[in-house]
Structures are given as structure tokens and as C-alpha cells.
Protein chains: 2
Amino acid sequence: MESEDATRNWGNRKLKNMGTMFSPKTVALIGASHDPGKPGFHVLKSLIDGEFSGKVFPINPKRGVIMGLEVHTSLKDVPDQVDLAVIIIPALRVLDAIKDCIGTGVKGIVMITGGFKEVGNENGAHLQEQIADLANGAGIPIIGPNTPGILNLGIGLNASFTPAFSAAKKGNVALISQSGGVAHLIGYMAMRNNVGLGKIMGLGNRCNIDFADALDFLMQDADTQVIALYVEGIDNPRQLIETAQRYRGEKPVVVLKSGSAAQSNEASLSHTGTLTGSHEIYAAGFRQAGMLCVNSVEELVDAVKILDAAPPWEGGANTAIVSGQAGPAIVACDALERNGLAAMPFSKSLQNRINDILPPLTMRSNPVDLGPWWYDLELFKNILKVIGEDNDIAAILIIIVLGEANSFFVEGISAMLSDLSKQKPVVGCFVFPSQGWDKAVAAIEDASAFVSYPTPERAVGALANLSLAKKMKDPPPEGAVLEYSL
Amino acid sequence: MESEDATRNWGNRKLKNMGTMFSPKTVALIGASHDPGKPGFHVLKSLIDGEFSGKVFPINPKRGVIMGLEVHTSLKDVPDQVDLAVIIIPALRVLDAIKDCIGTGVKGIVMITGGFKEVGNENGAHLQEQIADLANGAGIPIIGPNTPGILNLGIGLNASFTPAFSAAKKGNVALISQSGGVAHLIGYMAMRNNVGLGKIMGLGNRCNIDFADALDFLMQDADTQVIALYVEGIDNPRQLIETAQRYRGEKPVVVLKSGSAAQSNEASLSHTGTLTGSHEIYAAGFRQAGMLCVNSVEELVDAVKILDAAPPWEGGANTAIVSGQAGPAIVACDALERNGLAAMPFSKSLQNRINDILPPLTMRSNPVDLGPWWYDLELFKNILKVIGEDNDIAAILIIIVLGEANSFFVEGISAMLSDLSKQKPVVGCFVFPSQGWDKAVAAIEDASAFVSYPTPERAVGALANLSLAKKMKDPPPEGAVLEYSL
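(A) Region of interest: the environment of Asp-308 of chain B. All names here are of chain B. Along the chain, Asp-308 turns up in helix α10 (residues 297–309). According to the relative accessible area criterion, Asp-308 is partly exposed, its value standing at 22%. Sequence separation between Asp-308 and Gly-171 is 137 residues; the distance between their C-alpha atoms is 8.3 Å. Residues in contact with Asp-308, not counting those within four places in the same chain, are Asn-172, Val-173, Gly-196, Gln-225 and Val-226.

Rendered as C-alpha cells:
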């Protein structure tokens with residue numbers, strides 16, 4: 001049993017060393033390979049293809065040159081002090097590599113190698129414990145084993161076996177995923193939806209870095225604004241929940257928790273070595289600690305996108321819909337109500353201002369439908385302006401179906417959206433037929449706090465999660481019946 | 001009051017003439033324009049840019065040549081018999097145009113012009129009634145007014161103000177939308193998700209073609225396999241529900257009904273001239289008549305995609321998951337259970353066959369995780385083969401995260417999926433980082449009954465709707481408590 005002091009010291013060293021391993025000056029890849037059939041090839045490619053400006057040292061007993069870099073036979077031969085070691089050699093040789101890391105003063109380890117606790121036999125679990133003991137003694141955080149790796153896109157560091165991740169948009173969303181597959185699923189979906197990513201880590205078997213440690217680190221990380229978690233099962237939910245509670249209100253934490261199905265539990269045990277646990281109880285604990293629980297990968301990606309970009313939700317449930325077409329606005333109205341928000345009637349003064357702008361041949365209440373004036377950009381902007389100035393309106397949803405006849409709209413509205421989206425959350429549902437338009441909309445997103453979604457329902461879902469995140473900042477009221485107790 | 005015989009005769013003529021207007025040899029555009037600021041320009045562009053092989057006659061009192069076509073001053077000057085007239089002139093001049101259509105024997109009219117019942121004044125409603133009376137007397141179906149138009153992609157006919165629709169993939173999904181905006185929303189989403197579209201119609205104010213007529217027509221249309229409906233409010237829900245009941249089990253009908261929110265009702269009145277009505281009661285009636293009710297545009301598009309492509313659901317709830325990665329498979333397990341399906345344990349004989357193929361270092365039960373063999377295409381195919389042959393498995397969900405290391409997978413699995421997807425529903429969640437892969441996956445879809453979705457939850461949602469569509473074929477059991485009665 002460690003003393004409290006020892007635990008705190010180890011905790012502090014772990015955090016400090018995590019800082020170094022995510023912003024290393026030097027990276028060694030133990031198990032670099034020139035064979036595209038091996039993951040050691042792809043990790044090296046990731047490290048080199050990205051914009052990482054630090055030094056990369058491939059390690060392999062066979063020496064030679066891979067991708068233009070001299071190969072060293074062991075960590076001890078590397079001339080520089082190595083900050084981060086990525087290990088991708090067979091499980092049975094890992095223990096020696098760990099000892100080399102400790103001997104040469106490595107600050108952090110990413111262990112991609114699998115075949116430990118998740119295999120389900122005693123040898124694997126025992127080996128993992130041995131490694132943890134060694135690393136803990138030396139104060140070295142190990143991410144993994146059984147992880148795809150880590151990324152810090154802010155400095156172009158891609159220490160994963162997936163070079164494609166380097167193409168992600170740089171941003172302030174961090175991802176902690178228990179599963180490598182789901183890290184890819186979420187990461188790829190984020191890339192396809194123009195979400196700005198920062199630090200990504202696959203926790204895998206959580207040798208000595210668990211969710212609580214990762215959350216602790218990211219809460220203190222200046223480059224992280226929003227934290228996404230994918231959780232299957234955790235050995236110590238209390239630790240994660242306590243950590244989340246400690247930082248409540250500082251940064252939004254969005255959680256996708258799997259394992260509600262009976263079969264999921266068994267599958268998870270053989271996946272990353274942990275039962276999924278009592279799903280409902282965990283979810284209740286997460287919510288009480290201020291974490292935002294979502295129900296799908298898509299909802300998670302949509303939520304972190306708005307949480308990263310938009311100003312926080314202020315005020316009530318009232319959302320203004322301004323639409324070029326009535327039908328999609330009606331669909332959005334329904335979705336708002338289903339999600340606890342509403343397109344409420346405008347105040348008399350706001351209604352008067354809108355009536356001055358928009359001729360009566362349209363829906364001028366909330367939702368506003370421009371009707372025959374859908375192609376009139378100035379009119380559109382004037383309406384947005386007066387709604388933006390109204391304090392009763394918590395957020396604005398802009399819906400427009402785009403085609404050749406109004407293709408000027410996206411560029412024309414760009415500057416206005418940049419201003420408007422600073423004042424309050426502004427979400428778009430810009431509907432267009434081909435991927436050719438994606439870039440134009442992404443350009444507005446990149447230059448502003450505006451975010452767009454492909455359907456009214458997804459736009460509203462994101463707004464609802466933004467509003468929920470605001471509510472989650474406050475602890476449950478005193479005397480509230482709690483479903484989970486620490 | 002019409003006699004029953006007269007109603008039936010009119011009904012028959014209407015159906016026959018709808019057939020002609022969707023497959024016309026000649027189309028006149030009354031209100032063609034050379035001005036890109038006017039819809040009459042864009043409709044002409046739609047008619048010309050598509051692959052429509054019939055003749056197109058622009059009509060405009062100003063004569064001249066537009067887009068290389070001679071302009072006629074009136075319908076009466078057109079040398080050929082006109083099958084379909086598209087009207088896009090101001091409301092006040094429409095009555096004369098209708099009379100010209102009747103006088104020259106036009107078979108069907110698409111009235112894009114707005115400004116009738118939806119405007120909310122008596123004049124508009126009265127004018128619409130006059131037009132309906134004239135058209136009914138002549139047996140001419142009118143789609144609209146206040147519609148974006150109609151399409152029959154099978155013959156390259158794009159009689160809408162949206163040229164972009166011509167780029168849609170040709171297929172057997174038909175869409176009837178009350179709202180033009182939502183027709184675009186659904187149509188564009190279908191295009192972006194590789195759904196094959198056939199006939200599209202925006203009903204608008206439903207002068208004399210309402211949902212029941214359109215459904216009747218599409219149920220008898222050999223090129224239509226799946227029918228999607230977007231309904232805001234209908235004057236005569238009983239007629240639609242009776243029509244759906246009459247054709248129950250013949251073709252799946254998927255409905256998105258809006259108007260659950262209080263504000264939606266008022267908005268809809270000013271949109272297409274009808275209150276949304278009692279949302280819950282309509283929805284209950286739709287379900288009882290065997291229509292599949294969905295909750296979002298995305299769910300609708302996902303549902304019609306699988307309903308069009310895959311063989312019908314047979315057997316129980318048991319779905320096999322075969323995955324290259326465990327995490328996404330666990331997410332899918334949860335989603336199956338939430339949707340009334342399940343990844344149940346394999347039968348002993350199937351489990352034995354899988355154990356012969358897959359080494360024990362993986363999850364070999366349902367879900368199957370290939371673990372370290374994720375890159376082994378032959379092994380993947382062998383597992384799919386034995387699962388495909390098992391009669392206890394109703395459907396197969398294949399999940400794979402793609403990257404450089406297994407980029408061969410998509411092409412390598414293509415031929416096998418073509419066979420497998422004929423035997424039972426096979427759905428993919430092929431996860432990849434960039435739009436570059438979209439085409440490769442779409443190519444498999446185009447050549448088989450396989451369909452892919454971007455997340456496990458959406459893939460499972462589509463499977464659930466396929467299974468539900470099978471159940472909807474049967475009428476409610478005798479003695480069942482019905483929420484809606486005709």
C-alpha cells in the first residue's frame with residue numbers, strides 16, 4: 001500500500017512526464033521496420049510524414065537505414081536523450097525494452113504492442129503487472145499496451161500506426177479512447193466533419209495511465225478545450241468520477257460509454273481486459289460529475305464540434321430559426337422541442353423590427369422563413385443582425401438549401417457569420433448536393449465560431465448538447481436524489 | 001358531389017396521366033427565362049442538362065432563343081403535342097395558362113408558381129380552387145402549385161428548378177415531399193449517401209394530386225421499389241392511410257412526419273396551406289397501415305438505402321457482427337440491443353467452424369473480432385462465408401477500420417460481398433479518414449446488395465428498420481388495440 005504522499009508524488013511526476021511525452025523533442029521507435037506489412041513501418045511513417053519538428057530515432061537490431069533515417073540497434077546507442085519511446089516489438093521482449101527506457105531516462109512510453117492482459121491468460125496479465133511495477137518505480141507513464149498510439153496534432157506529433165491521422169484539422173478537442181478501433185472511428189468522423197483535433201490517446205490496457213490520469217492531464221493542458229471520452233469498462237470508476245468532479249465546470253467532458261448490451265460485457269473483457277461494469281450506474285455517476293453522456297459516435301462528434309467552436313450557451317431555451325425554406329425549419333422546430341429547446345414567439349419589439357425588414361408574404365414569426373426572398377442575401381443578413389442583438393434569443397439556427405441560384409450565399413454570409421457567432425451560438429444547416437461545397441462551408445467554420453451540420457436534426461442535437469453542457473457545470477442541487485454515490 | 005363512378009373514372013385518368021407526365025415525350029416550360037435570377041432559367045437548365053431525350057419547348061411571350069432552343073410565344077404555337085407542361089409564371093396569369101393546357105391536350109401539369117393557398121388570403125385559395133376545378137374537369141393532374149417540380153431520373157427527366165438533382169444516382173427510391181425544401185434536404189442527403197433515386201415529386205399545395213394519389217401511382221409504378229414520404233399536414237389522412245393499407249406488404253413506405261411541436265403547426269399552415277394536424281394520431285394511423293415512421297431525415301435516408309438494396313429481412317433478431325476491431329463491435333452490440341435486435345451466441349456447429357478458421361487469440365463468439373488477424377483478407381472472407389451459410393443468422397454487420405495498412409481490403413472483399421449480400425442482408429461500417437475512399441465503397445454498393453454506413457449505430461439503425469419493415473407487412477393482429485381508427 002502506497003502512502004498518500006507517495007501517491008501524490010507519483011501523480012505529480014506522472015503528469016509532468018505526460019507533458020513531456022506529448023511534447024517531446026526526441027522520439028525513439030523501438031521496433032521500426034522497413035516492411036509495410038508490419039506496424040513498425042506505419043508508425044515510423046506517421047512520425048516522419050507529420051510536421052513533427054523533433055528528432056526521430058528508429059531502433060531495430062538489424063541496423064540499416066529506413067525512410068532515410070539511420071537505425072540504431074538499441075535505445076542505448078541513441079546519441080540524444082530520448083523523451084518519448086514508442087514500443088512495437090513482441091510482448092516477450094518488452095520487459096527488456098522497458099528496462100532500457102528506465103536506464104536511459106526516457107520520460108514516457110507508448111506501448112503499441114498487444115498480447116497482455118487482454119489475451120485473458122495469466123502470463124499476459126502478469127507481464128503487464130511487472131511492467132507497471134517497473135514503470136511506476138521510475139515515474140514513467142505508459143500509454144497502452146494494446147494502443148494505436150498517441151497524437152499531439154498541435155506540434156505535428158503522430159506517434160500512432162495511422163499516418164492518415166496527420167491530415168486532421170488542428171484544434172482543441174482531445175480524445176481519450178479505451179479502444180483503438182473507436183479512436184479511429186471517432187477520429188475519422190471528426191476529420192470528415194471538420195472538427196479540430198489536438199491530443200489523441202488510445203488507452204488500451206491502461207498499464208499505469210487510466211482515464212482519471214488522462215483526464216487530469218488534459219484538464220491542466222492549455223491546448224485542450226473540450227475532452228471526449230470513449231469508455232468501455234474501468235477498474236476504478238470512482239477515480240474517474242472524482243477527477244471529473246474536481247474539475248467540474250472548467251472544460252466540457254463528453255462521454256460515450258458502451259457496454260449496455262449483455263454481449264458487450266464479455267467482448268470488452270477480451271478486448272482491453274476489463275468488464276464493462278454496470279452500465280447504468282457508471283452513466284449515472286458520469287452525469288452527476290458533470291460529464292455529458294451521449295448515445296452515439298455521431299452525437300459525440302457533433303457535440304465536441306460545437307463545444308469547441310461556439311461561445312457557451314447563455315440564457316434560456318429560446319432558439320431562433322432563420323430559414324430560406326419552410327419545411328426544414330418545421331423539421332427543426334420539432335427537433336428543438338424533442339430536445340428541451342424551443343423556437344418561441346419573438347418579443348413584440350423584435351417582431352416589429354423583423355416586420356420592417358421582411359414583407360408579409362412569408363413566415364415572419366419564429367421560425368422565420370424567407371419565402372420568395374430566399375435569394376436576397378442582404379435581407380437574410382439584416383434579419384440575422386436584429387435577432388443577434390436580441391437578448392431573449394439564446395442561439396440561432398440558420399437553414400438554407402443551396403443550389404446554383406443562390407451559390408453566392410456561402411461566401412456572402414461568411415463575414416457576417418464571423419461576427420454573429422462571437423455573440424451567441426450560431427449553428428448552420430447548409431444543405432447542398434455535392435462534396436464540392438464542403439470546403440466552402442468548412443472555410444467559414446475555420447474562420448469563425450460558426451458550425452454547420454448536414455441535417456436540421458443534427459444541428460439541433462448539437463445545440464441541445466451545448467445547452468446541456470452549460471447546465472452540467474453546476475453540481476446537483478443539495479438534497480437531490482443521486483443514482484450513484486462515491 | 002361526384003358519383004362513385006365519376007370518382008373512379010377520374011382516379012383512373014389521373015393515374016394514367018401521371019404515368020404520361022412522368023415519362024413524357026414532350027415538355028413545355030411556360031415561363032422559360034434567359035435570366036439566371038429567375039427560376040424559369042434554372043428549370044430550363046434542368047430540362048436540358050439532364051439526359052432527357054424528349055423534346056423541350058420554352059414558352060415566353062418575348063420569343064427569341066434560350067439555351068439554343070427556339071422560344072414559342074404560347075403553348076398553342078408549339079408544333080408538337082405537349083405531354084407535360086411546367087408552369088412558372090406569376091399566379092395571376094396561371095388561369096390562362098391552364099386553359100391553354102386544356103385546349104392543347106396537355107396530359108399533366110407541374111405548377112412551380114407559388115402564391116396560392118399557402119399565402120393565407122382568400123384570393124389565393126380561391127384561385128387554387130378555380131384551377132383545380134378546371135383541371136379536374138379535363139382529367140389533368142396538377143403537381144403543385146408551390147412545388148420545386150418533379151423528376152424521373154430513370155429517363156433523365158429533371159422538371160425542377162434544381163439542375164443539381166440530375167447528378168443523383170439512378171435507382172428505385174421514390175420520394176413524395178410536401179415541402180420543396182425537405183425534398184431538397186432528403187434528395188441531397190440521398191445523393192451524398194449513394195442512394196439510388198427514381199421519381200421525386202414536391203407536392204406543394206396539392207391542387208388535385210395529394211399523398212394518396214401519389215402513393216397510388218408509385219405503388220403501381222414498375223420502376224419504384226421503395227417510397228419515402230415527407231408529410232407536414234394533410235387534409236385527408238384517411239385517404240392516405242386507406243391507400244397505404246390497400247397496398248400493404250407490396251413496397252415499403254417510409255414516412256417522416258413533422259409537426260409535433262406547437263410552433264410547427266402554425267408554420268406549416270403558412271407553408272403549404274395545411275395544419276400539421278394531430279401528430280400522434282396521424283403517426284399511429286400510418287403505423288397501423290404498415291408505413292414505417294422514422295424520426296429524422298438521416299434515419300429516412302439510411303432506411304430507404306437498405307430497403308432498396310438489401311434482400312428482405314427473414315428470420316429472427318440474430319445479427320452476426322464480424323469486425324476487424326473490437327471496440328466498434330461493442331458499440332454495435334449495444335446499438336443492436338437498443339433497437340430490438342441482438343448479436344446472439346453462435347450455434348455450436350457454427351462456433352466450431354469459426355474456431356477452425358480463427359486462432360484463439362481473438363473474440364471468436366458473436367461479435368467476432370479478428371484481433372491480430374485484422375489484415376488477413378482470406379481469413380475475413382472465410383468467416384463471412386460460414387456465417388453466410390448459417391440459417392440462424394438473419395443479417396451480417398461487417399465493421400472495419402481502414403488505413404494504409406489494409407487499403408487492399410475494400411477491393412479485395414468486393415466480389416465476395418456481391419455474392420454474400422444476395423443471401424441475406426449484409427451491412428458494412430467501413431470506417432475511413434477521407435472522402436477519397438467514398439468512391440471505392442460506393443462502387444461495391446453499386447455492384448451488389450451490400451450497403452455501408454459511416455458509424456456502427458447508423459448501420460444498426462438501418463438494419464433495425466429493415467427488420468421492422470418486414471414486420472409492417474402484416475396487418476395488426478385481430479383484437480389488437482388500435483390508436484387510430486378510420
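Don't stop here, the text continues.
(B) Here's a closer look at the pattern of salt bridges. Residues and elements named next belong to chain B. What the rule picks out here adds up to 38 salt bridges over all chains. The closest approach of N and O atoms between Asp-49 and Lys-45, which form a salt bridge, is 3.1 Å. Here the residue Asp-49 and the residue Lys-45 both occupy positions in helix α2 (residues 39–49), the gap between them amounting to four residues, near one helical turn. Given the relative accessible area of 47%, Asp-49 is considered partly exposed. Residue class for Lys-45 comes out buried when judged on its relative accessible area of 19%.

(C) Representation of the sheet that holds strand β18 (residues 426–431) of chain A within the structure. Residues and elements named next belong to chain A. The strand order across the open sheet formed by five strands is β16-β15-β17-β18-β19, and the pairing between neighbours is parallel. Among the strands making up the open sheet, the edge pair consists of β16 (368–369) and β19 (451–452). As defined by bridge partners, strand β15 (residues 319–323) adjoins strand β17 (residues 395–401) across five bridges and the pair is classed as parallel. Within β17, the position partnered with Ser-323 by the bridge is Ile-399. The strands that helix α14 (residues 409–423) touches are β17 and β18; relative to β18, the one it contacts most, it runs at about 165 degrees.

(D) Inspection of the sheet that holds strand β7 (residues 142–143) of chain A at higher detail. Residue and element names in this part refer to chain A. Spatial ordering of the open sheet is given by β2-β1-β5-β6-β7, a layout of five strands whose pairing is parallel. Both edges of this open sheet fall to β2 (55–59) and β7, since each of them pairs with a single strand only. Examined bridge by bridge, strand β1 (residues 26–30) and β2 share five bridges and lie parallel to one another. By the bridge assignment for β2, Ile-30 is matched with Ile-59.

(E) Layout of the domain arrangement of chain A. All names here are of chain A. Partitioning chain A into domains gives domain 1 (1–146), domain 2 (168–309) and domain 3 (312–472). Between the C-alpha centres of domain 2 and domain 3 there is a distance of 30 Å. Each side of the interface is counted separately: domain 2 has 17 residues, and domain 3 has 16 residues. Taken together, the two surfaces of domain 2 and domain 3 that pack against each other cover about 1,400 Å², and 57% of this comes from carbon and sulfur. The largest contributions to the domain 2 side of the interface with domain 3 come from Leu-292, Asp-302 and Ile-306, which together make up 38% of the buried area. The interface formed by domain 2 and domain 3 contains four salt bridges. Across the salt bridge formed by Arg-458 and Glu-298, the nearest N and O atoms sit 3.4 Å from each other. On the surface where domain 2 and domain 3 come into contact, there are 13 residue pairs in polar contact (both at pLDDT 80 or more). Secondary structure elements with two or more residues in the side of domain 2 that touches domain 3: β14 (292–294) and α10 (297–309).

Definitions and limits used
Residues numbered from 1 in each chain as written. Chains lettered and ligands numbered in written order. Predicted model: local features only at pLDDT ≥ 70, side-chain atom pairs only at ≥ 80, totals over all residues. Heavy atoms only, no water. Helix = DSSP H or I, 4+ residues; strand = E, 2+ residues; numbered from the N terminus. Buried < 20%, exposed > 50% of the residue type's maximum accessible area, 1.4 Å probe, protein only. Contact = heavy atoms within 4.5 Å. Salt bridge = Lys/Arg side-chain N within 4 Å of Asp/Glu carboxyl O. Pairing = 2+ DSSP bridges. Axes fitted to C-alpha atoms, helices over the stretch in contact; angles between N-to-C directions. Domains from an automatic or database assignment. Buried area = accessible area lost by both parts, 1.4 Å probe. Polar contact = N/O pair within 3.5 Å; in protein donor to acceptor, adjacent residues only side chain to side chain.

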